[in-house]
Amino acid sequence: MAETQAQPRHAELGLTDQDVLDMYRAMLLARAVDERMWLMQRAGKIAFIISGQGHEGAQVATTWPLRRNHDWLAPYYRSIASAITFGMTAEDIITAHLAKGDDVSSGGRQMPGHYGGAPYNIVSLSSPVGTQVLHAVGIAMGAWARGEDVVALTSYGEGTANQGEVHEAMNFAGVHRLPVIFVCENNGYAISVPLEKQVGGLSVAARAQGYGFPGVTVDGDDPLACYAAAKEAHERGRRGDGPTLIEARVVRLTSHSSDDDQRRYRDPAEVEALKQQDPLVGFGRQLRELGVLTDELDQQLRAEAKAEINEASRRAEARPEPDVSAAERHVYADGEA
Amino acid sequence: MAETQAQPRHAELGLTDQDVLDMYRAMLLARAVDERMWLMQRAGKIAFIISGQGHEGAQVATTWPLRRNHDWLAPYYRSIASAITFGMTAEDIITAHLAKGDDVSSGGRQMPGHYGGAPYNIVSLSSPVGTQVLHAVGIAMGAWARGEDVVALTSYGEGTANQGEVHEAMNFAGVHRLPVIFVCENNGYAISVPLEKQVGGLSVAARAQGYGFPGVTVDGDDPLACYAAAKEAHERGRRGDGPTLIEARVVRLTSHSSDDDQRRYRDPAEVEALKQQDPLVGFGRQLRELGVLTDELDQQLRAEAKAEINEASRRAEARPEPDVSAAERHVYADGEA
Amino acid sequence: MAEMNILEAIRSAMDEEMERDDRVMVLGEDVGKKGGVFGATDGLFAKYGEKRVLDTPLTEGMIAGAAAGAAIYGLRPIAEMQFADFVYPAFNQIVSEISRMRYRSNGTFGLPMVIRMPYGGGVHGALYHSQSNEAYFTSTVGLKVVAPGTPADAKGLLKASVRDPDPVMFFEHKKTYRLFKADVPDGDHLVPIGSAEVARPGKDLSIFCYGYMRTCALEAAETLAREDGVEAEVVDLRTLRPLDRATVLGSVERTGKALVVHEANRFGGFGAEVAATIAQDGFEHLDGPVTRLAGPEVPGVPYHHDLEEWFMIGPAKIVDAARALAAY
Amino acid sequence: MAEMNILEAIRSAMDEEMERDDRVMVLGEDVGKKGGVFGATDGLFAKYGEKRVLDTPLTEGMIAGAAAGAAIYGLRPIAEMQFADFVYPAFNQIVSEISRMRYRSNGTFGLPMVIRMPYGGGVHGALYHSQSNEAYFTSTVGLKVVAPGTPADAKGLLKASVRDPDPVMFFEHKKTYRLFKADVPDGDHLVPIGSAEVARPGKDLSIFCYGYMRTCALEAAETLAREDGVEAEVVDLRTLRPLDRATVLGSVERTGKALVVHEANRFGGFGAEVAATIAQDGFEHLDGPVTRLAGPEVPGVPYHHDLEEWFMIGPAKIVDAARALAAY
Ligand SMILES: Cc1ncc(C[n+]2csc(CCOP(=O)(O)OP(=O)(O)O)c2C)c(N)n1
Ligand SMILES: Cc1ncc(C[n+]2csc(CCOP(=O)(O)OP(=O)(O)O)c2C)c(N)n1
Ligand SMILES: [Mg+2]
Ligand SMILES: [Mg+2]
């Protein structure tokens, strides 16, 4: 009898070569956007930025199974790569950071990092951490109540995981087996507070079983592992088997934000060592091992990402500033067109 | 070599015959107080009451290891037996229910069931469920910060266990290994909502490990089991080894409160069967089996409890009503004596 | 015309809206099988099933936040806070999220949802089952705040709230639930949000009130007419946010004197806004100081019957305050 | 006398109180090793250690609730909300517990504790890092609410707050943290809670303000004097609850005209209480409508620089409002 040939890891997960290259491409683009944000911030064009560097692998991979314009995403302020994976363009993101009038997220009203977009099924994000988690659960409740095949994914940090609302959200999702995926991007710090002063028991994933659903810890630097967990979670949600909590262990390559300096509270050696865990580097290596990526192709993809961010920035900068009269609109629907 | 003689169960736990009889006595007294409350409510002397019937075994036993006037208790509205165990008298409780002016809990300001008393180290309780849990944790934090050998115990229902604040409290206690005991009295209902619509995963105790400390489920109808868990938890707290969550499975023998009628949402057969689980009956049986209680002694103890509640009620009723001018006092300390 | 009390009016409003629009759902603690602790949702669970009448866990933050998510998804949730006093765990969702979702998303995510708030004292509920905490919400831009005082208004305003594209905090004074029955128009009876009603015309002074205070003010007005020959105009605000400025200022223009009455404590209460509005925009019509009559400056209604009596605002206190103002 | 800015004044107040009383502890997010996101607690962790300067998990409910428990236990906690905008998860503890613990326990459990609230806009912080949400607390009986506008007041009032037997919400306008330096008296400098200050005497109208608005109002008053010959009296309320009624009404008695200024939105804002108080108790002295100047009626400060400018209250808007009132 013919034995099944051992497949490459991504193929085992049902991903084609093109798929994994597209994932890599999304990561590269997210990084290019992120780096551009820092440049613009230093150039005084953006008052404040908050970065997703180090989280891209986990974000792209956990968002990958979602169906665009069908499922829902309730992300957080580091979710550049998630937003890109779910349909936002580099131009959308730079436009929002520049607070232009036609910014799809808020029309220039929110700070940088507040992703959201009705056309993309991305819930508008606020700043108080964790509030979006209940929105995802509410969307999943809506789908459950209507018998509709929709899954909601929400993401947040390990500090945020301790907010009471996040717990209430998980409990409710557990009771009704709602189709929701909780993705905790654990980068070991909440601004300056390290995991051991933040998370009793040190594991966020361990909490899921207290609500009666699976919690898994994955290496956030291994996008295929993240994808596998998210794919299973997505299928579980669709099957009506309820939520999943995925704790992706990632690194925060930068300071918390442009207002922070992590050298105040983090060992220089620790900061230096982070670079070894850059998911872009790791995923690039993996794709080479899988025979999917060559140095040439890598350079080409990087050049494409660079071209895209250049073009996106150029266009975003050319967009109009918001009209001051817009500031009093959209408080209530009354009287709006 | 002499082998250790197999000891009776209570003796193994370090309890004397007198101890277990005192525990039983506290349960009887709590029940007598509780039944008197219902009578007074029906007689129109009390507008509203909320009962602890069915919880007495767990309450007396979990409170037993605490050191009076030294440790702290942050109880809830069913905690009649806990309050009695920690020093409140039947007269205190009836006085509070009658809202007399010198009621130690609130001077007649709070509804029945809002236990508290500065002289007893019992934190004043409010109505929003679960708020007291953080107070216990704050007391434990105070003890930790000052290096003092104090343990705080807090109790609440399984519905309340889902409140975000309770989770935040457990997480913080877990991070700093604070000397606090969480006692969840799980009676299977939060007013009308049954466990399976309330608690994702169905186990409250299972949540503790998500915060890095032990959670145990005990049969609330078995006071010795409850005592064993609480004693260990108390010692753990004193040793600096951190919190414990005890989930005591109890029964709610009555409707939620005098405003509720559980026949609206609970099967008559289920309600009928509850009586089989009355902890007073069970503990009485156990004490007989241990050779500590006789029918005669039981009758005597019951007569004593009855005499005590009669006397307590008589004295409580004779206490003065609050002076209306008192209603505007104690808003701030300024200007108070 | 059907006679009903306020509780029945509220129930029938929800029932009709659920019939009319299958996106309307009810969620809260004990709203299902038990039919709510006051019976407001009695019968709805049997009629519409769990997926539209949902008993939630005991978590108000979750109730508000999941309702918001459901509204984003396209439903029209009616969330019940079991008592207004227990809304605070949901405060973050209401203030940070629900009130400003439309604004922050540049109008792309609106939240059509209602939060029902049984409020008020005089029910032996003490500090935590008696609160009139409307001021936390009336000062919050992005919310609408409604507080009816009659069965017809309760029904018509609740139906309008369910259909409103924006979030509405719906305050129901518990003491009025079964206080009296009155006619409620048949059919699809709607009362627009944002309109006050002159419940009793008068020329000597204006009494501004809402909720249970409407009943008290009307009774006080009768006493004033009978005993003092003072004709008080009683204006039931009905909607607190947005305030019907035209009706309020129009009344002051007619009477020259304003008495603002509510049960919540005075300092920073909603009456401050009404009084300040009149003081600024009705200044030229004022023949006396804009006067506020409100609950005492203590943190809550105390339990003991005598203390509660001391706390509560009723017709007698209104008569006293109105007399002093009329005599100014 | 030492020159310092408001941030330094706040830090030195905490340091001195911690030196003086070993029951004083600080807790909050990032207050330890990092020294706070604004640096207010910089150096305290190194000096007093973790057990007195505690980095908590990211849970505001816990921060407030554990502080309350610690106060019950006998400590004197200073809890920091990283931004006033993030206080809502703690709202239940503050309103249900902290504000009314003394009252509900008949005076047997007092809660000596301070909650520091960095608030206010003009810092590119948009809807969630700019809020002036004092009105939620000024309307809450049982709390004290303080909002200093100078380094000396910041220090003296924070020290008084730490020693106060009751809970104090301490509002620090972020824009003022490093805005200017000024003299702060040496030694154990205390400013009593509950006393307003006439920051600039004047005879033509009174401007009531607090926090950052003090600076703006004083600048406006100079412009008015220079350009219009109008002498505005500037009253810095400093404490919002309890309000210093005597100073407020005394000023209105002198000037006959009142302009109340704050950055929060107008409807239901704290200014409504100040205006309503003046309208009722200062009625006979009024020569013009009690006027409010406040932030626009939108749910928050928008981010874009031009929109934020549109939102903010500054000297120019105060001058305009004062001119209109002076001309009445
Ligand atoms: C309710 C609330 N409190 C405080 C803050 C301030 N804050 C912003 S991000 C942050 C740390 C978040 O840490 P974590 O959840 O681990 O996410 P990370 O930034 O590390 O990805 C804090 C404290 C906030 N935004 N919201
Ligand atoms: C925050 C809050 N929400 C709602 C209520 C109303 N309420 C009082 S007791 C109760 C049920 C509590 O159930 P559980 O925690 O299981 O305790 P049990 O009464 O069963 O002992 C509810 C919903 C409340 N007191 N506080
Ligand atoms: Mg983190
Ligand atoms: Mg229960």
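Residues numbered from 1 in each chain as written. Chains lettered and ligands numbered in written order. Predicted model: local features only at pLDDT ≥ 70, side-chain atom pairs only at ≥ 80, totals over all residues. Heavy atoms only, no water.

Q: How should the overall build of chain A be read in this particular structure?
A: When helices and strands are tallied, chain A shows 11 helices and seven strands. Radius of gyration (C-alpha) of chain A: 20 Å, near the 20 Å computed for a compact globule of 337 residues. When the backbone C-alpha atoms are referred to their principal axes, chain A occupies close to 70 × 50 × 40 Å. Put simply, of all contacts in chain A between residues at least 6 apart along the chain, 73% involve residues at least 24 apart. Counting only carbon and sulfur atoms, one obtains 48% of the accessible surface of chain A, whose full area is about 11,800 Å². In chain A, 33 positive and 47 negative side-chain charges are present, and the distance between their average locations comes to 2 Å. (Helix = DSSP H or I, 4+ residues; strand = E, 2+ residues; numbered from the N terminus. Rg over C-alpha atoms; globule rule 2.2 N^0.38 Å. Contact = heavy atoms within 4.5 Å. Areas by Shrake-Rupley, 256 points an atom, 1.4 Å probe, with all protein chains shown as cover. Lys, Arg positive; Asp, Glu negative; His and termini not counted. Charge placed at Lys NZ, Arg CZ, Asp CG, Glu CD.)

Q: Looking at this model, I keep getting lost on the domain arrangement of chain C. Mind explaining?
A: When the parts of a complex come together, some accessible area is lost, and that lost area is often taken as the interface size. Residue and element names in this part refer to chain C. Domains assigned within chain C are domain 1 (2-184) and domain 2 (197-326). One C-alpha centre belongs to domain 1, the other to domain 2, and the line joining them spans 26 Å. At the boundary of domain 1 with domain 2, total buried surface from both sides reaches about 2,200 Å², with 58% on carbon and sulfur atoms. Viewed at the interface, domain 2 and domain 1 are joined by one salt bridge. The shortest N-O distance in the salt bridge between arginine 238 and aspartate 153 comes to 3.0 Å. Where domain 1 meets domain 2, there are 13 residue pairs in polar contact (both at pLDDT 80 or more). If you list the elements that add at least two residues to the side of domain 1 that touches domain 2, you get α6 (135-138), β6 (144-146) and α7 (151-163). Its residues placed into classes, the side of domain 1 that touches domain 2 shows 15 nonpolar, 15 polar and four charged. (Domains from an automatic or database assignment. Buried area = accessible area lost by both parts, 1.4 Å probe. Salt bridge = Lys/Arg side-chain N within 4 Å of Asp/Glu carboxyl O. Polar contact = N/O pair within 3.5 Å; in protein donor to acceptor, adjacent residues only side chain to side chain. Nonpolar A, V, L, I, M, F, W, Y, C, P; charged D, E, K, R; others polar.)

Q: Explain the confidence of the model for chain C here, please?
A: Parts of the prediction with low pLDDT should not have their coordinates interpreted in detail. Scored by pLDDT, chain C comes out at a mean of 98, with 100% of its residues at no less than 70. What the predictor reports for the complex is a pTM of 0.98 with an ipTM of 0.98. (pLDDT = per-residue confidence, 0-100.)

Q: I would appreciate a short explanation of the relation of the copies chain D and chain C in the present structure.
A: It takes a turn of 180° to lay chain D on chain C, together with a shift of 0.0 Å along the axis; the resulting RMSD is 0.0 Å. Expressed as a symmetry operation, the mapping of one chain copy onto the other fits a two-fold axis. Most of the interface of chain D is mirrored in chain C, where 100% of its interface residues again form contacts. (Least-squares fit on C-alpha atoms with pLDDT ≥ 70 in both.)

Q: Teacher, can you tell me more about the interface of chain D and chain C here?
A: On the chain C side, the residues contacting the 51 residues of chain D number 51 residues. Note on chain D versus chain C: buried area summed over both sides is about 4,500 Å², and carbon and sulfur give 60% of it. Between the two partners, chain D and chain C, sit six salt bridges. For arginine 241 of chain D, the salt bridge is made with glutamate 297 of chain C, and the minimal N-O distance between the two is 2.8 Å. Counting only elements with at least two residues in the side of chain D that touches chain C, the list comes to α4 (91-98), α5 (101-104), α6 (135-138), β12 (239-241), α10 (270-281) and β14 (291-295) of chain D. Broken down by element, the side of chain D that touches chain C gets its largest block of residues, nine residues, from α10 of chain D. Here the residues of the side of chain D that touches chain C sort into 25 nonpolar, 15 polar and 11 charged.

Q: How should the pairing of strand β13 (residues 258-265) of chain D be read in this particular structure?
A: Regular strands show a simple pattern: their side chains alternate between the two faces of the sheet. Residues and elements named next belong to chain D. When you tally the buried positions in β13, you get eight out of eight residues, the bulk of the element. Relative to β13, strand β10 (residues 205-209) runs parallel, the two sharing three bridges. Looking across to β13, one finds that isoleucine 207 is bridged to leucine 259. Strand direction decides the pairing type here: β13 and β14, joined by four bridges, are parallel. If you follow leucine 259 over to β14, its bridge partner there is threonine 291. Note on the crossover from β13 through α10 to β14: the handedness is right-handed. (Buried < 20%, exposed > 50% of the residue type's maximum accessible area, 1.4 Å probe, protein only. Pairing = 2+ DSSP bridges. Right-handed = clockwise from strand over helix to strand, strands pointing away.)

Q: I keep staring at the coordination of the magnesium ion (ligand 3) and nothing clicks. Help me out?
A: Reference values for angles at a metal are 109.5 degrees in the four-donor tetrahedral case and 90 or 180 degrees in the six-donor octahedral case. Residue and element names in this part refer to chain A. Distances from the magnesium ion (ligand 3) to its protein donors, Glu158 (OE), Glu158 (OE), Asn187 (OD1) and Tyr189 (O), fall at 2.1 to 2.7 Å. Taken in sequence order, the residues that donate to the magnesium ion (ligand 3) follow the motif E-x28-N-x1-Y. Across the pair, tyrosine 189 and asparagine 187 agree in class, each one buried. (Donors = N, O, S within 2.8 Å, 3.2 Å for Na, K, Ca; no water.)

Q: Hey, could you run me through the nonpolar core in this one?
A: In summary, soluble globular proteins display a tendency toward joint burial of nonpolar side chains. Ranked by size, the top nonpolar core spans 186 residues in total, and within it Phe182 of chain A, Phe182 of chain B, Phe137 of chain C together with Phe137 and Leu237 of chain D carry the most contacts. Not counting residues up to four positions away in its chain, the partners in contact with phenylalanine 182 of chain A are Val133, Val137, Thr154, Tyr156, Ala169, Met170, Ala173, Phe213, Pro243, Thr244, Leu245 and Ile246 of chain A. Counting 70 residues, the second largest nonpolar core, distinct from the first, contains Val20, Ala58 and Ala248 of chain A together with Ala126 of chain D. (Core = buried A, V, L, I, M, F, W, Y, C linked by side-chain atoms within 4.5 Å.)

Q: It is not clear to me how the relation of the copies chain B and chain A should be interpreted in this structure. Could you clarify?
A: The operation linking the two copies of the chain is a rotation about an axis combined with a translation along the axis. When chain B is fitted onto chain A, the two copies agree to an RMSD of 0.0 Å after a turn of 180° and an axial shift of 0.0 Å. The share of interface residues of chain B whose copies in chain A are also at the interface is 100%, consistent with both copies meeting through the same surface.

Q: Just to check I follow, could you spell out the site of ligand 1 for this structure?
A: Neighbouring ligand 1 are 21 residues; Tyr77, Arg78, Thr160 and Tyr189 of chain A together with Glu60 of chain D lie closest to it. Neighbouring residues of ligand 1 are distributed over chains A and D. Glutamate 158 of chain A has a polar side-chain atom sitting 3.0 Å from an oxygen atom of ligand 1. Across the complex, the protein chains shield 97% of the 580 Å² of accessible surface that ligand 1 would expose by itself. Broken down by class, the residue content of the shell around ligand 1 amounts to nine nonpolar, eight polar and four charged. (Near = heavy atom within 4 Å.)

Q: When you look at the sheet that holds strand β7 (residues 244-249) of chain B in this model, what are you seeing that I'm missing?
A: Think of a sheet as strands paired side by side through backbone hydrogen bonds, with each pair either parallel or antiparallel. All names here are of chain B. With parallel pairing, five strands are arranged side by side in an open sheet as β1-β2-β3-β7-β6. If you trace the sheet from one side to the other, it starts and ends with β1 (72-74) and β6 (215-219), each paired once. For this sheet the average axis-to-axis angle between neighbouring strands, irrespective of direction, equals 20°. In the sheet, strand β3 (residues 180-186) pairs with β7 via six bridges, with the strands oriented parallel. Note on β7: the bridge partner recorded for asparagine 186 is arginine 249. Where helix α6 (residues 131-146) meets the sheet, its contacts fall on β1, β2 (152-157) and β3, and the angle it forms with β2 comes to roughly 165°. (Axes fitted to C-alpha atoms, helices over the stretch in contact; angles between N-to-C directions.)

Q: Looking at this model, I keep getting lost on the site of ligand 2. Mind explaining?
A: Surrounding ligand 2, one finds 21 residues, the nearest of these being Tyr77, Arg78, Thr160 and Tyr189 of chain B together with Glu60 of chain C. Site remark: ligand 2 is flanked by residues from chains B and C. Between ligand 2 and serine 127 of chain B there is a distance of 3.0 Å, counted from a nitrogen atom to a backbone nitrogen or oxygen. At 3.0 Å from an oxygen atom of ligand 2 is found a main-chain nitrogen or oxygen belonging to glycine 159 of chain B. Bound to the protein, ligand 2 loses 96% of the 580 Å² it would expose on its own.

Q: Explain the environment of methionine 62 of chain C to me, please; I cannot follow it from the model alone.
A: With respect to the element layout, methionine 62 of chain C can be found in helix α3 (residues 60-73). Between the C-alpha atoms of methionine 62 of chain C and glutamine 93 of chain C, which are 31 residues apart in sequence, the distance is 8.6 Å. Setting aside anything within four residues of it in sequence, one finds methionine 62 of chain C in contact with Leu134, Glu168 and Phe172 of chain A together with Leu27, Thr56, Pro57 and Ala67 of chain C.

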